Amino acid sequence: MRDVDGNTFLDYHAAFGPIVLGHNDSAVNKAVAQALAGPDITGIGSDEGEILLAEKVVQHVPSAEQVLCFNTGSEATYMAVRLARGVTGRTKLIKFQGTFHGWHDYLLMNIASPANMIGKQDPGSAGQLQDAIDNTLIARLNDLESVETLIKENTDQVAAIFLEAIPHNIGCVLPRRNFVEGLRRLCDEHGIVLVFDEVITGFRHGLGGFQAHIGVTPDVTTMAKAIANGYPCAVLAGKREVMRHFSTEPGGKVFVGGTYNGHPVGTSAALATIAALEDGSVHERTFRLGEKMRAGLSEIGERLGIPLEVAGFGSVFTPYFMTGDISDYEDLLRNDTTNDVRFRQAMCDRGIYMLPVAMKRNHISAAHTEADIDRTIDVAETVLKSMR
Ligand SMILES: Cc1ncc(COP(=O)(O)O)c(C=O)c1O
């Protein structure tokens, strides 16, 4: 990236995650240019790109039997909320402290909460409807008991559990397999819709998303960002028994619409991105570079005696300035946010762009090289030495 002052940066922010192949990928741009030469939008049913994309999502994502296209992740999670409420006739939602699911009132709660707001309602914006806030319940990640308690206290009122497949909006806190399996079991027992928000993890962490890795299948999945390498495209995918309630199906009572849904710009970019990911080489390489980065940074922290916990998965890495186990948001309160931001700012000053906000994840793309990773680790060593 180059800024208006002519400074050049090696980018790990990746526009919050969509860039998986690299900025301005030529094959994706070419596919979009071809789409622009074809039909634009008609507003009559589905067009070819939308259908081809749906088929690809069904082919790759374990829980996907049917698919709807949108332009942003927030639209997809909003529609997942409405679908869950429409199907169950219930109003309440469970989400986890530290997760982000987009800008709408229903889930914009308890993200990077200050310590004194944990366990309380912590809406993310002024202007949110109190009723929406009251209907969103907050559980602790990797703590099944906290979920069971909420379900018990709200018998037959919980429509959906929303899990950010990996809570990447606070860096990288990995959900434990038995916790995710437990969520599946609780949802089955209590007739609750299980939603995996894979807006970040979908296609970045594998063609089947994080669900393919952890081996647990949600009822509904939302995906965006890496699906289209920077172009606006999102999908909501799910089991047919749930998806059939959308108004796209005759008799479906859950209204869904949007003038630009399934726009050829987004679907053509998504098809080209998925095509570039399908032989597995991008994931193989970016995961290997991710491993190298995490190991390299951890080694420096250890050698210099700096408390540094480099978390991550696949192509994502997040250096936390702390030590010890990280299993839920409260553990991250030990992160030294001052040093975290100082480190990022100093990296930016040396031409390596890591968003200078505490706990933000970094993304490796197919455009990064082995030499880029080496340079990043070298610069990080200089910065960490100066911080020590
Ligand atoms: C996990 C998750 N879900 C949903 C969203 C919302 O997506 P969008 O910004 O495309 O509306 C985001 C955005 O960062 C996200 O990280």
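A quick note: this is a predicted structure, and the numbers were derived from the prediction, not measured. (Residues numbered from 1 in each chain as written. Predicted model: local features only at pLDDT ≥ 70, side-chain atom pairs only at ≥ 80, totals over all residues. Heavy atoms only, no water.)

### Details of the overall build of the chain
- Across its full length, the chain carries 12 helices and 12 strands.
- By the compact-globule yardstick of 21 Å for 388 residues, the chain fits well, its C-alpha radius of gyration being 21 Å.
- Counting only C-alpha atoms, the chain reaches 65 × 55 × 40 Å along its principal axes.
- Nonlocal contacts in the chain, meaning residues at least 24 apart in sequence, comprise 70% of its contacts between residues at least 6 apart.
- By element, 51% of the accessible surface of the chain is carried by carbon and sulfur atoms, the whole surface being about 16100 Å².
- The averaged location of the 48 negative side-chain charges in the chain is 2 Å from the averaged location of its 35 positive side-chain charges. (Helix = DSSP H or I, 4+ residues; strand = E, 2+ residues; numbered from the N terminus. Rg over C-alpha atoms; globule rule 2.2 N^0.38 Å. Contact = heavy atoms within 4.5 Å. Areas by Shrake-Rupley, 256 points an atom, 1.4 Å probe, with all protein chains shown as cover. Lys, Arg positive; Asp, Glu negative; His and termini not counted. Charge placed at Lys NZ, Arg CZ, Asp CG, Glu CD.)

### Here's the deal with the site of the ligand
- As a structural note, the neighbourhood of the ligand is formed by Thr72, Gly73, Ser74, Phe100, His101, Gly102, Glu164, Asn169, Asp197, Val199, Ile200 and Lys225.
- Within the side chain of Asp197, an N or O atom sits 2.7 Å from a nitrogen atom of the ligand.
- Lys225 places a polar side-chain atom, nitrogen or oxygen, 2.8 Å from an oxygen atom of the ligand.
- For the ligand, the accessible surface in isolation is 390 Å², of which the surrounding protein chains cover 84%.
- Considering only residue class, the shell around the ligand consists of 3 nonpolar, 6 polar and 3 charged. (Near = heavy atom within 4 Å. Polar contact = N/O pair within 3.5 Å; in protein donor to acceptor, adjacent residues only side chain to side chain. Nonpolar A, V, L, I, M, F, W, Y, C, P; charged D, E, K, R; others polar.)

### Details of the side chain of Gln128
- Structurally, Gln128 can be placed in the loop between strand E3 (92–96) and helix H4 (130–134).
- A distance of 2.9 Å separates a polar side-chain atom of Gln128 from the backbone nitrogen of Ser125.
- Each residue touching Gln128, except ones within four places of it in the same chain, is listed here: Asp105, Leu108, Pro123 and Ile133.

### A look at the domain arrangement of the chain
- The assigned domain composition of the chain is domain 1 (10–21 + 280–387) and domain 2 (26–277).
- When each unit is reduced to the centre of its C-alpha atoms, the spacing between domain 1 and domain 2 is 26 Å.
- Each partner contributes residues to the interface: domain 1 has 29 residues there, and domain 2 has 35 residues.
- Taking both partners together, domain 1 and domain 2 bury about 2700 Å²; carbon and sulfur atoms supply 59% of that area. (Domains from an automatic or database assignment. Buried area = accessible area lost by both parts, 1.4 Å probe.)

### A look at helix H10 (residues 281–304)
- Compared with an ideal rise of 1.5 Å per residue, which puts 24 residues at 34 Å, H10 spans 35 Å between its outermost C-alpha atoms and is within 8% of the ideal.
- Where H10 is buried, its residues touch helix H9 (264–277), strand E9 (309–313), strand E10 (316–320) and helix H12 (370–387).
- Downstream of H10 by one or two residues, Gly305 has phi in the positive range, about 70 degrees. (Expected span 1.5 Å × (residues − 1).)

### Some points on the sheet that holds E9
- If you walk across this open sheet you meet the 3 strands as E9-E10-E12, and the pairing is antiparallel. Looking at which strands have only one partner, the edges of the open sheet turn out to be E9 and strand E12 (362–363). (Pairing = 2+ DSSP bridges.)

### Observations concerning the packing of aromatic side chains
- Counted under the stated rule, the structure contains 7 aromatic pairs.
- Judged by centre distance (6.0 Å) and plane angle (75 degrees), the rings of Phe287 and Phe313 are edge-to-face. Remark: Phe313 occurs in strand E9 and Phe287 occurs in helix H10; sequence separation between them is 26 residues.
- Residue classification places Phe313 among the buried positions, given a relative accessible area of 12%.
- Arranged with centres 5.6 Å apart and planes meeting at 55 degrees, the rings of Phe321 and Phe343 form a pair that is tilted. Separated by 22 residues along the polypeptide, Phe321 in the loop between E10 and helix H11 (337–349) and Phe343 in helix H11 bring together distant segments of the chain.
- Since its relative accessible area comes to 2%, Phe343 is described here as buried.
- Here the aromatic residues Phe210, Phe287 and Phe313 are joined through ring pairs into a cluster of three or more. (Phe/Tyr/Trp six-rings, centres within 6.5 Å; stacked < 30°, edge-to-face > 60°. Buried < 20%, exposed > 50% of the residue type's maximum accessible area, 1.4 Å probe, protein only.)

### Quick look at the pattern of salt bridges
- For the structure shown, the criterion picks out 20 salt bridges.
- In this structure, the salt-bridge partner of Arg140 is Glu330, at a minimum N-O distance of 3.8 Å. Placement of the pair is Arg140 in the loop between strand E4 (136–139) and helix H5 (144–153) and Glu330 in the loop between E10 and H11, with a sequence separation of 190 residues.
- Taking the relative accessible area as the measure of exposure, Arg140 reaches 37% and is therefore partly exposed. (Salt bridge = Lys/Arg side-chain N within 4 Å of Asp/Glu carboxyl O.)

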